[in-house]
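Read off the chains here:
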Amino acid sequence: MSAIAGIVHTDGQQALWEDSWRLYASLGHIPVDTTGVWKGDQAFLSCHAQWITLESVNEKLPLYDEDSRLSITADAILDNREQLADQLQISRSELAGLADSELILRAYQRWGEGVAGHLLGDFVFAIWDERRRMLFAARDITGMRAFYYRHDGPRFAFCTLMKPLLELGGGQKAIDENWLSEFLAIPDMHDSADIHSTVYRGVNQLPSAHTLTFQNGKIELRQYHRWDDVEPLRLKSDDEYVEAFREVFSQAVGSRLRTHRQVAAALSGGLDSGAVAGFASGTLRSQGKQLQAYSYVPVPDFTDYTSKTLLADERPFIRSTVNHVGNISENYLDFEGRSPLSEVDTWLNMMEMPYKYFENSFWIRGFYEKASEQDAGILLTGARGNFTISWGPALDYYASLLKSGRYFRWFREMQQYSERTGMSFSRIARITGRKAFPDFFKGNKGTAQPAGAQLIHPDLAQRTGVLDRLKSILVLQGGARADALQVRADKFNNLAIANKNGAVATKCSLRYRAWERDPTSDPRVIQFCLSVPIEQYVRQGTDRSLIRRATSPELPDKVRLNQRVRGVQPADWLHRILPDWQAFTSELLTLCSDSQVAGILNTDRIKSALANFPSPKPELASHPDLRLMMHSLIVYRFIKKF
């Protein structure tokens, strides 16, 4: 993990020198193993490096190659080193001592600006081509590392973080009103539909799966990858699909264990994180390492109010996985004394922007803290598994059977699904009927205004035109008209989601020296999962069928075959806030009378929410008014920092 930064400046050596050291010094708060700088006549590169892999120990960054007159700084872990070595005719003995940054540089010498399409892993990097007077940068396919930049006339500057760019002279620190309007209007977790902008005016970001060139004062962006037209995979038997799944997923997990330090994993009672832990544990055992598993649990005084199909405390399922897999050290973490409210300032400082995932904020950061304490260089997650390895939308599939007239199979599948899940047959039939024929059911037109749009003040919405601009986004997702295959494809091509995920992974990793790695978002895994026919994911009344069949060696039947209950995290977020409820509501009342947010936040709507909840109960944690109140406070505190 590295914080990289650089400047290309055509306005004289003195200006380059002053800006360079200002940029370098602004990263001094990051915990690092070493730092490095390189300076040419028009360009400056720097790196604040954290040694994660064995090859990165004592890696020289920035790296300058005198023969090619190329200089590189990189924040990268490559997952296809052996493949690249074969393509670049590098021996295995030489590869063993070759850092990822040097491998990228050699690949650039071979493929030039097409290099990113040959790389697999989590990466951003920048190369200064001295002969061509050109800066070239690239970000990985799934966007797990962040890259921000600023262009002011003769100066182009980039950095892993945003604030260092704001501290350069020549610009005024200001909020980008269009970005903020989209953040307030979009009901989903991602920040803005504009994949290039950030919360700060004048600071942009390089989207995932994109390259950037800066030459002769001009910026050119190019998207080098999309998840379009994935060729269907047609195998001869169910067993062949299972074998193919195990091969590609084992490769993805194995390549993410490359560290000279310890390995940790976020572990719930479900399929995704359980599969990651199961596959990782065996490999680590052969390396003489034990997997450290971090599991969130509610605070001791919390009473579970959730329904019989939900589980706030997943310990019984987690312990079943741990006992079955072995070579796992359990860490059950309740983070008593923390709440989404106590985390706000820390997250705003770390993320440099407002955020929406407040419910999970205290345990996400807590996992990173624990990883840092235990010297874990890698923190494994299964964050994108719902749309890759454990995808399997049974009810959508049954609706497609009904709509296509395959009535016998539709009927039989629903019978089996009812038996496995405990859901009544009549309810399944009603749901699939609405999904198949929404026009026959009143109230399923998908035109309701999402609750998230109520957070934005009408004046700001009108001034920026955000509701018209985002019409396609401001329709509730997953309704009766939604096509499950298309929804999944859209998730992977939606680079706004990648921007949000990459920002969290990058900034948490930097702060705690633990690199988040997600095998479920490996491009090889995504490619495979998109190519598999839906009948492998839903069959004989079993949703998520492929992973359930493929993980029989790694997961106990209690977890692998469970279709009756699912974990919910964190059900106790409101319970944690209640001791500070008076302070919380008092701050919201102050917000409503603060001229600094007048015309930005919908204070009438906030007042209405406050009046509805003078003293809420923990079981109301999912109420949209309470979420609106928390989001309002987060945005308010961010704005107050200006």
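Throughout this description, residue numbers start from 1 for each chain and increase along the sequence as written. Given that the model is predicted, a residue must reach a pLDDT of at least 70 before its local features are reported, and side-chain atom pairs must reach 80 or more before they are shown or counted; all residues, however, enter totals for whole chains, interfaces and linings. Neither water nor hydrogens contribute to the side-chain values; these are computed over all heavy atoms in the structure.

Caption draft 1: Focus on the packing of aromatic side chains. Ring pairs shown here join Phe, Tyr and Trp side chains whose ring centres sit within 6.5 Å, with only the six-membered ring taken for Trp; geometry is labelled stacked below 30 degrees between planes, edge-to-face above 60, and tilted in between. What the rule picks out here adds up to 32 aromatic pairs. For the ring pair Trp38 and Tyr64, a centre distance of 5.4 Å and an interplane angle of 20° mean the geometry is stacked. Taken together, the residues span a long stretch of sequence, with Trp38 in strand S2 (residues 34–39) and Tyr64 in strand S4 (residues 63–65) at a distance of 26 residues. Judged by its relative accessible area of 28%, Tyr64 falls in the partly exposed class. Their ring planes at 15° and their centres at 5.1 Å tell us that Phe147 and Phe158 sit as a pair that is stacked. One end of the pair, Phe147, is in the loop between strand S7 (134–139) and strand S8 (148–152); the other, Phe158, is in strand S9 (residues 155–159), with 11 residues separating them in the sequence. Residues Phe147 and Phe158 agree in their burial class; the two are buried. Connected via pairs of aromatic rings, a cluster forms that spans Tyr294, Tyr296, Phe335, Phe362, Trp363 and Phe367. Lysine NZ or arginine CZ positioned within 6 Å of the ring centre and within 35 degrees of the ring normal marks a charge as sitting over the ring. Here the guanidinium or amino end of Arg319 rests over the ring plane of Tyr332, the centre of that ring lying 5.1 Å away. The ring of Phe183 has Lys356 lying over it, and the distance from NZ or CZ to the ring centre is 4.8 Å. Helix and strand assignments come from DSSP, with helices taken as H or I runs of at least 4 residues and strands as E runs of at least 2, each series counted from the N terminus. Accessible area is worked out with a 1.4 Å probe on protein chains only. A residue is then buried under 20% of its type maximum, exposed over 50%, and partly exposed in between.

Caption draft 2: Region of the structure containing the sheet that holds strand S5 (residues 70–78). Being paired, for any two strands, means DSSP has found at least two bridges between them. Read across the open sheet, the six strands follow the order S4-S5-S6-S7-S11-S12; overall the sheet is antiparallel. Single-partner strands in this sheet number two, and they are S4 and strand S12 (218–223). Across this sheet, the average inter-strand angle for adjacent strands is 15°, counted without regard to direction. Bridge count between S4 and S5: three bridges; the pairing is antiparallel. The residue of S5 that forms the bridge with Leu63 is Ile72. Its contacts with the sheet put helix H4 (residues 100–111) on S4, S5, strand S6 (121–129) and S7, and the angle it makes with S5 is roughly 120°. What counts as an axis is a line fitted to C-alpha atoms, over the stretch in contact for a helix, and the angles between N-to-C directions run from 0 to 180 degrees. Contacts were defined at the residue level, with two residues in contact if any of their heavy atoms lie within 4.5 Å.

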